[in-house]
Each structure stands twice: as C-alpha cells, then as structure tokens.
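These are the residues of each chain, in order.
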Amino acid sequence: MTKNVIQIENIEATELLTRLDKLEGAISALSNQPQPTTPDTGTDYITRKEVARLFRVSVVTVHDWTNKGILTAYKIGNKVFYKRPEVENALVQKGGKYVR
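The structure presented is a predicted model; accordingly, all values stated were derived computationally and were not measured.

Chemist: I tried to follow the packing of aromatic side chains on my own but got confused; where do I start?
Modeler: In this description, a pair of aromatic rings is defined by centroid distance and the angle of the planes. Inspection of every chain in the model, using the stated rule, returns 3 aromatic pairs. Taking 6.4 Å as the distance between ring centres and 80 degrees as the angle between the ring planes, the aromatic pair formed by Tyr45 and Tyr74 counts as edge-to-face. Placement of Tyr45 in strand E1 (residues 45–47) and of Tyr74 in strand E2 (residues 73–76) is noted, with a sequence separation of 29 residues between them. Accessibility expressed as a relative area gives 24% for Tyr74, which makes it partly exposed. Taking 6.3 Å as the distance between ring centres and 75 degrees as the angle between the ring planes, the aromatic pair formed by Tyr45 and Phe81 counts as edge-to-face. Here Tyr45, found in strand E1, pairs with Phe81, found in strand E3 (residues 79–83); they are 36 residues apart in sequence, far enough to count as distant. The exposure class assigned to Phe81 is buried, which follows from its relative accessible area of 9%. Grouping aromatic residues by their ring pairs yields a cluster made of Tyr45, Tyr74 and Phe81.

As structure tokens, then:
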C-alpha cells in the first residue's frame, strides 16, 4: 500500500491551522452561492451527464450519439448542453430504429 506524504516546511502549526480555517470558510461561502444556470430562453437545457442518466448510458455514448447526429449539442460558453424536448424526441423512434 502506498502512502501519500505532504511535507510542509517553514510554517508553524498555528499558522497552518489558521490558513486551513480560512480556506474552509471560503469553500463554505462558495458552496452557499447560487449555481450558474443556463440562459432563460424558454427552452430547458440539460447537461451531457443528465442526458446520460435519462438514457441510462455513459457520457461517452452521449458524445458518440452527438457525433452520429442522433442528438444535437449546443455550446453555451465553454459548456455543452442539449435541449430537453429534442432529447425526449430522440427517445422516440429515430429513422425507423429506436435509439437504444
């Protein structure tokens, strides 16, 4: 079994504890902030992970379906989303074959 070792030098234990307390407070403050949402365009956007959960497949499969044109992805900023109605339509027949 390997162990990860972290070595900290030139800092007193009390200073380290103070810094860790500040870090914990900053993380807590960030987690309490509202999360960014997709633009309000009247269309419900969902993430790749949500699409994968909906179809009960991996994110890699969702990516593959996007490349094959089964699903249409929309890039908003640097994130990829799918329109929920389009994803739900893909659950129905696609070109005479079921997606699954």
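Still more ground to cover, so stick around.
Chemist: Before we go on, may I ask you to explain the sheet that holds E3 in this structure?
Modeler: Pairing between sheet strands relies on hydrogen bonds along the backbone, with the strands arranged either parallel or antiparallel. Judged by pairing direction, the sheet is antiparallel, and its 3 strands sit side by side in the order E1-E3-E2 without closing on themselves. Of all the strands in the sheet, the pair left with one neighbour each is E1 and E2. Here the strands of the sheet are splayed against their neighbours by 50 degrees on average, with no regard to which way each runs. Bridge count for E2 against E3 is 4 bridges, and the pairing is antiparallel. Note that in E3 the partner of Tyr74 across the bridge is Phe81.

Chemist: Help me understand the pattern of salt bridges in this model?
Modeler: Side-chain pairs of opposite charge can arise whenever the charged atoms involved come near each other. Under the criterion given, the structure shown has 3 salt bridges. Glu15 is paired through a salt bridge with Arg19; the nearest N and O atoms lie 2.8 Å apart. One end of the pair is Glu15 and the other is Arg19, both in helix H1 (residues 13–31) and 4 residues apart, which spans about a single turn. Note on Glu15: relative accessible area 35%, which makes it partly exposed. With a relative accessible area of 51%, Arg19 lands in the exposed category.

The rules behind these values
- Residues numbered from 1 in each chain as written.
- Predicted model: local features only at pLDDT ≥ 70, side-chain atom pairs only at ≥ 80, totals over all residues.
- Heavy atoms only, no water.
- Phe/Tyr/Trp six-rings, centres within 6.5 Å; stacked < 30°, edge-to-face > 60°.
- Helix = DSSP H or I, 4+ residues; strand = E, 2+ residues; numbered from the N terminus.
- Buried < 20%, exposed > 50% of the residue type's maximum accessible area, 1.4 Å probe, protein only.
- Pairing = 2+ DSSP bridges.
- Axes fitted to C-alpha atoms, helices over the stretch in contact; angles between N-to-C directions.
- Salt bridge = Lys/Arg side-chain N within 4 Å of Asp/Glu carboxyl O.

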